Amino acid sequence: MSSDVRYIIALSQVNSVGPVMMRSLVSAFGSAEGVVRASRSDLNSVQGLRPEAAETITSKVFDEYLAKADYELEFAARHSIDVLPFTSPRYPQRLSQCSSAPATLFLKGDVNLNSVHMLSVVGTRQPSEEGKRLTYEIVSELGRRYADMVVVSGLAYGVDVAAHRAALEAGVATIGVVAHGLDQIYPSRHRDVAAQMVQNGGILTEYFTGTRPDAPNFVARNRIVAGLSDATLVVESGAKGGSLITANLAFDFSRDVYAIPGRPADQMSAGCNALIAKNIAQLVCDADDIEKNLGWSQQPQPIQGDLFSSVEEPVSESATGHNMIYEALMPNKQMTAAQLSTAIGQSISEVSASLLLMELEGQVRLLPDGTYVLNK
């Protein structure tokens, strides 16, 4: 593990040093350790950094933050928890494209956070029997079709835990994003399913040990649920609730949002119907609809040989996407996935899938600011 993670954890405790400022500081000084070693005057030269933050970083108070970072790292080591700073190549790439992405994530489990097939599933905490059935059928069917499927949710009552259980039964990975530290599980009734998820998936959080599951944390964690996947599915939701917050965040992140419609008088479908009516969510009824909308039925294939091979063979849609991304980045450009999506006229999910494969093949690399560049 990079020693820089210690300084990232410490800096994240400084008031007003949020995810955006953290990235600005690390970019300005080359590393988190470089930030901590900088003089107060140099820190004050960083646009947007409050003077009191610079004072804290250069004062004895910061030693307490370093001590807290050391405790978190020791706790993680004792309990086999992976610590993933935003500078890590294992940090979820989709989430890194979101400006509010946490500086550090803590993961208990074994799961590929950059799997090609990831879907977030959310909904009411009091679903109908029909809602539970739909959750089970959709997750099970997608899990049957894609062995690398990862189902993301919040380990809450209702649709969340139904999605986790369906994934486990289907034998595919599932991630529970929680609103507290990994020294506890909330709700406690879900400890058994959480233990199973650690074996095939994981429990993920941005919060330090000792952090209680207070209401504001649940709202904040929804951005992680939305940011981890190419799409968010809302199964059932009332007119208000956390699942609607997650859906709107996913929409703001330029991700696909899907909702299962219901009868106009059905209060459990009021939120889904509203998302569809406002064109925030696309109407879906089953796994086929989701697969078609995400383009998952056309499996992306690695490009063989030279990217611009002159051999006259049919070019797959994925290869075409690779070539378009390559050309868009050719003049030494840096672009986010969202910018590339606009530039080449493909959906964010198609672009993200292509970028994942291109990065694995060494054709592009992701920079700390969330932009992609060609490898020279």
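Going by the structure above, here's the rest.
Note that the structure is predicted; figures quoted are calculated from it, not measured. (Residues numbered from 1 in each chain as written. Predicted model: local features only at pLDDT ≥ 70, side-chain atom pairs only at ≥ 80, totals over all residues. Heavy atoms only, no water.)

Asker: Can you help me understand the pattern of salt bridges in this one?
Answerer: Close approach of charged atoms lets side chains of opposite charge pair. Considering all chains together, one arrives at 13 salt bridges under this definition. Across the pair Arg133 and Glu137 runs a salt bridge whose closest N-O atoms are separated by 2.7 Å. One end of the pair is Arg133 and the other is Glu137, both in helix α8 (residues 129–145) and four residues apart, which spans about a single turn. One salt-bridge network, in which partners are shared between bridges, spans Glu141, Arg144, Arg145, Asp288 and Glu291. (Salt bridge = Lys/Arg side-chain N within 4 Å of Asp/Glu carboxyl O. Helix = DSSP H or I, 4+ residues; strand = E, 2+ residues; numbered from the N terminus.)

Asker: Would you mind showing me how to read the environment of Ser88 here?
Answerer: Along the chain, Ser88 turns up in the loop between β1 (81–85) and α7 (93–96). When its relative accessible area of 17% is taken as the criterion, Ser88 is described as buried. Residues Ser88 and Thr104, spaced 16 residues apart in sequence, show a C-alpha to C-alpha distance of 9.4 Å. Engagement of the side chain of Ser88 in a polar contact is seen with the backbone nitrogen of Arg90, the distance being 3.1 Å. (Buried < 20%, exposed > 50% of the residue type's maximum accessible area, 1.4 Å probe, protein only. Polar contact = N/O pair within 3.5 Å; in protein donor to acceptor, adjacent residues only side chain to side chain.)

Asker: Looking at this structure, how should I read the environment of Val351?
Answerer: Within the secondary structure, Val351 is located in helix α17 (residues 348–360). Relative accessible area serves as the criterion here: at 0%, Val351 is assigned to the buried category. Residues within four places of Val351 in sequence aside, it is in contact with Ile325, Ala337, Leu340, Ser341, Ile344 and Gln346. (Contact = heavy atoms within 4.5 Å.)

Asker: What am I meant to see in the pairing of β1 here?
Answerer: Each regular strand shows side chains that alternate between the opposite faces of the sheet. Counting buried residues along β1, four of its five residues qualify, which places the element largely inside the surrounding structure. As judged from the five bridges shared by β1 and strand β2 (residues 104–110), these two strands associate in the antiparallel manner. Each residue of the ladder has a partner; that of Ile81, found in β2, is Lys108. (Pairing = 2+ DSSP bridges.)

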